[in-house]
Amino acid sequence: MGEHEAGGPLWAGRLEGGLHPDVLALTQSLDIDRRLLPYDVAASKAHVRMLGRQGIISTDDAAAIVQALALVAIDEGATDEDVHSLIERQLVAQLGDVGRRVHAGRSRNDQVVTAFRLWCRAHAFALIQATADLQAILVERAQTDGAAVLPAFTHLQRAQPVPLAHHLAAHVWSLQRDIGRFQAAQHAADVSPLGAGALAGSSLPLDPVGVAAELGMASAFTNSLDAVSDRDFAVDLLYACALCLVHCSRMGEELILWTSQEFGWAALADDVATGSSMMPQKKNPDVAELARGRAGTAIGRLTGLLATLKGLPLTYNRDLQEDKQCVFEQVDATLGVLRLLSLAYQGLSFEVATMRAAAADGTTVATDVAEGLVREGMPFRDAHSEVANRIAAGERFDSPTPEEAIAARKGPGMPGVVSEQLVALEALIATTRALNAPSL
Ligand code: ARG
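Our subject in this report is the structure included herewith. (Residues numbered from 1 in each chain as written. Predicted model: local features only at pLDDT ≥ 70, side-chain atom pairs only at ≥ 80, totals over all residues. Heavy atoms only, no water.)

1. Description of helix α11 (residues 286-310)
- Look at α11: 36 Å from first C-alpha to last across 25 residues, which is about the 36 Å you get at 1.5 Å a residue.
- Among the residues making up α11, those that are buried are V287, A288, A291, A295, A298, R301, L302 and L305.
- Of the surrounding secondary structure, the elements contacted by the buried residues of α11 are α10 (232-258) and α12 (323-346). (Helix = DSSP H or I, 4+ residues; strand = E, 2+ residues; numbered from the N terminus. Expected span 1.5 Å × (residues − 1). Buried < 20%, exposed > 50% of the residue type's maximum accessible area, 1.4 Å probe, protein only. Contact = heavy atoms within 4.5 Å.)

Right, dumping it as structure tokens:
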């Protein structure tokens, strides 16, 4: 009976005695990579079927291993070094010597990155759909409440009036770019490294292209050394999440401002607001603050993995084991915040009268008054200083009204024609929803 059957590590052949418990504790990754199990099982099935097709193992053995793979599950109290070791241990426990044939022509180096790529591909797609969910809620609110008028800001100072629909749509466009980045990350992950082995392939007649096809992956690796050391796809996903969370953070910050007593432009629904353990009157926007806070941590995870990668010699190095926790946490945080913001916007009530009063303070249309003078023939610089002087002297303008000022801005992308934007956004959301999920 080999070490592995007794519960020892996969690589026990060369080294004598057991591992120091502290070394095992430091090197083990099962607590984290257990999430790869269904992806590693799928990749293992594809690998084993290929071994059967290529005559590397018998088709009976291949069929038996594929069947046994379907029964593999994380067992209570498992102490394996990683999920790959757990799978092989359970195959051997189920099938004895037949189970010991599974690893022909493969290494954990190509195995781990294959499972991880499949995980990233599936979760990039989940992120795309969660982002579209938030977009759909923002567009819905723009349709139901979007005629409300508010002063948009520069420098957080009242600038010009816009309809609420135009303001909400601005966030939807930033999320649309996030969807593009998630799609790019999904595509980047969609390459199968299986067959690269430890780093330089195998002398067995493997069929990496067939394995990639069976996994529904867009292609197989083109360089075995690159295949086991490349983690660009993980960085792409971390970056796409970080920037999406930066956008969510800005929305969170806006909810914090708008729901403050100082603004009074909106109120969170009670089921997304939080209270204070001491101050009975408090209704706090903790969800929005967490959206803002999680973006900071997300930027850290992106820089963390880039720093891990920067000095690594080709090819696989154990440092690469650090790639998974940050990506798992990043994706969890992003999915969580997208969901949280969807809930927050869904139940948000807008204080339309307070918003409009801010937009109708007699100053936000100052540019429109100056442009009226330009239409009468005055040079803009003179019109600007005339209106500035009148405001400084205390004059306030009631013409045009904020609504008239909005209606006069009619070019593409302008606030006066926001309903066209909403139609365009609805079409984009429908396109996103119609995307095909990856096969696994
Ligand atoms: N747990 C390892 C990881 O996540 C699997 C690969 C280990 N390979 C090795 N040669 N030690 O990267």
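On we go from here.
2. Remarks on the pairing of strand β2 (residues 157-163)
- Both strand β1 (residues 149-154) and β2 contribute to a ladder of six bridges, which runs antiparallel. Pairing of A152 across the sheet is with Q160, part of β2.
- Remark: two residues form the turn of the hairpin made by β1 and β2, two consecutive strands paired antiparallel; H155 in that turn has positive phi of roughly 55°. (Pairing = 2+ DSSP bridges.)

3. Regarding the packing of helix α4 (residues 59-69) against helix α5 (residues 83-95)
- Where α4 meets α5, the closest approach of the two axes is 10 Å, and the angle between their N-to-C directions is 115°. In this structure, the crossing between α4 and α5 has a hand that is right-handed. On α5, the residues touching A64, I65, A68 and L69 of α4 are I87, L91, Q94 and L95.
- Partitioned by chemical class, the residues of the contact of α4 with α5 number seven nonpolar, one polar and no charged. (Axes fitted to C-alpha atoms, helices over the stretch in contact; angles between N-to-C directions. Left-handed = near helix turned anticlockwise from the far one by under 90°. Nonpolar A, V, L, I, M, F, W, Y, C, P; charged D, E, K, R; others polar.)

4. What to know about the site of the ligand
- Near the ligand the following residues occur: S29, D33, D82, H84, R108, N109, V112, Y316, R318, Q321 and K324.
- One of the side-chain N or O atoms of D82 is found 3.2 Å from a nitrogen atom in the ligand.
- At a separation of 2.4 Å, an oxygen atom of the ligand approaches a polar side-chain atom of Y316.
- Taking 350 Å² as the accessible area of the ligand by itself, protein coverage stands at 87%.
- With three residues, the top contributor of residues to the shell around the ligand is helix α6 (residues 108-145).
- Its residues assigned to classes, the shell around the ligand shows two nonpolar, four polar and five charged. (Near = heavy atom within 4 Å. Polar contact = N/O pair within 3.5 Å; in protein donor to acceptor, adjacent residues only side chain to side chain. Areas by Shrake-Rupley, 256 points an atom, 1.4 Å probe, with all protein chains shown as cover.)

5. Some remarks on the side chain of D368
- As for its position among the elements, D368 is in helix α14 (residues 366-375).
- Accessibility expressed as a relative area gives 9% for D368, which makes it buried.
- Reaching out from D368, the side chain makes a polar contact with the side chain of R409 at a distance of 2.7 Å.
- If sequence neighbours within four positions are ignored, D368 has contacts with R375, P400, A405 and R409.

6. Quick word on the environment of Q157
- Structurally, the position occupied by Q157 is in strand β2.
- Here Q157 falls in the exposed class, since its relative accessible area comes to 53%.
- Between the C-alpha atom of Q157 and that of T364, which follows or precedes it by 207 residues, the distance is 9.9 Å.

7. Some remarks on the side chain of D82
- Here D82 lies in the loop between α4 and α5.
- Engagement of the side chain of D82 in a polar contact is seen with the side chain of S85, the distance being 2.7 Å.

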